[in-house]
Amino acid sequence: MLYTDTGLTGYGYTGTHAHLPTDRLITGAIEHTYGPLLAGEEADNVLCLWRKLNRFPPAQWVGRAGILKMALAAVDIALWDLKAKAAHLPLWRLLGGARQSIPAYNTDCGWLSISTPELAGGCRKLVEEDGWSGLKIKIGHPDPECDFERLQAVRRAVGPGVRLMVDANGALDLPSAMRYGRRLAEYDVTWFEEPMWYDDCQGHADLARAIPTPVALGEQLYSIDAFRQFIGAGAVHYVQPDAVRLGGVSEWWQVADLALSCRLPVAPHAGDMVQVHWHLALAHPACTVLEYIPWLGECFEEPATVRDGQALPPEEPGAGTTLRADVWERFGVDRGVSAELPRA
Ligand code: MG
């Protein structure tokens, strides 16, 4: 949280899928590295502050990826939240967005732990009863035939008109990814997500040239430079930047502009941190679809809203990151680090 002398509070967040020891490294980075750099600064100058925090010697020396970059993301998101609140606008409007909705796809239906009958039934329900038109399922079973049986069951359950994506979360080697990739077209898969280890630019470029299904990745990339390498190598077709891994909204927007200039669609990786991506997807012209996992929605004052498979525009001023007052106690979390800025 960032406090200002106007009384406005900016909320940022980042995501670790971990527990307190790792989280404390991030809050410590905010307290000891970024907090002192923010004190006395003008909160409205977000891009200048982002550049200062991103390029300051401690960060450029030890933090171009990982903990410091995720801490920077939280700070930058809080600054954008402040800026939008000061303008009395939801962030997507502050950024120039005018869409009234964007298609969303549901990832919460397709975990590896779900049995095949449950998977197929759950996906059918999401389509037939809840109006979803895009779904993503995980692959990476020890026996690849199990993955294809599951994929076939889902395609049969939802019919031909539904966008279906698969995600390997970086688990495959190149020969395995090629074997998978050559068969995905049978099930009209829209994209093959993170087939191999996240940083393997050459491998993904080789794969992208060898299979008919487009490759999606980016949720584990920490910088615009990394995206430029993957895009330049032809290693990615659907670009999936994540504001909580990049340096916040500021760098996310740069990556989306890069994708736009290369005529590549952006599908923000939202995971269970959908809030700020909700605004970004509605605002940036390269975005074609928004990922949706609702796990943390109840933590926020205005949770991301999806109806009939469409993400609807937030109305409250800010980045959608304001936490409900009862969250701290409910989850046993202290209020962490705060930095006071002079005004927003
Ligand atoms: Mg993924």
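Along each chain, residues carry numbers from 1 onward, in the same order as the chain's sequence is written. Note on the predicted model: pLDDT of at least 70 is required for a residue's local features to be given, and 80 or more for side-chain atom pairs to be given and counted; whole-chain, interface and lining totals, by contrast, use all residues. Water and hydrogen atoms play no part in the side-chain values, which are based on all heavy atoms of the structure.

Moving on: the pairing of strand β4 (residues 134-138). Strand residues, when the strand is regular, have side chains that alternate between the two faces of the sheet. We call a residue buried when its accessible area falls under 20% of the maximum for its residue type, exposed when it is over 50%, and partly exposed in between, using a 1.4 Å probe and counting protein chains only. A run of H or I in DSSP becomes a helix once it reaches four residues, and a run of E becomes a strand once it reaches two; helices and strands are each numbered from the N terminus. In terms of residue burial, β4 counts as a mostly covered element, since five of its five residues are buried. The alternating pattern of β4 places Gly134, Lys136 and Lys138 on one face and Leu135 and Ile137 on the opposite face, and all of these are buried. Whether two strands pair depends on DSSP finding at least two bridges between them. Where β4 and strand β5 (residues 163-167) come together, five bridges link them in parallel fashion. When the sheet's bridge partners are listed, Ile137 is paired in β5 with Val166.

Note: domain ranges come from an automatic or database domain assignment. Its domain assignment divides the protein into domain 1 (2-88 + 325-341) and domain 2 (93-312). On a C-alpha basis, the centroid separation for the pair domain 1 and domain 2 is 27 Å. Throughout, a contact is declared for two residues whenever any of their heavy atoms are within 4.5 Å. Taken together, the contact pairs 23 residues of domain 1 with 23 residues of domain 2. Both faces combined, the contact of domain 1 with domain 2 buries some 1800 Å², and carbon together with sulfur accounts for 66% of it. Whenever Lys or Arg places a side-chain nitrogen within 4 Å of a carboxyl oxygen from Asp or Glu, that contact is recorded as a salt bridge. On inspection of domain 1 and its partner domain 2, the count reaches two salt bridges. One salt bridge connects Glu251 with Lys69, and the closest N-O pair in it is separated by 2.9 Å. Polar contact is the term for a pair of N or O atoms within 3.5 Å; when the atoms are in protein, one must be able to donate a hydrogen and the other to accept it, and sequence-neighboring residues count only if both atoms are side-chain atoms. Summed over the shared surface of domain 1 and domain 2, the number is 11 residue pairs in polar contact (both at pLDDT 80 or more). Elements that contribute at least two residues to the side of domain 1 that touches domain 2 include exactly α2 (46-55), α4 (67-86) and α13 (327-330). Top element by residues in the side of domain 1 that touches domain 2 is α4. It accounts for nine residues. Its residues assigned to classes, the side of domain 1 that touches domain 2 comprises 14 nonpolar, four polar and five charged. The term buried area refers to how much accessible surface (probe radius 1.4 Å) is lost by two components on association, counted for both of them together. Each residue is assigned to one class: nonpolar for Ala, Val, Leu, Ile, Met, Phe, Trp, Tyr, Cys and Pro, charged for Asp, Glu, Lys and Arg, and polar for all the others, Gly among them.

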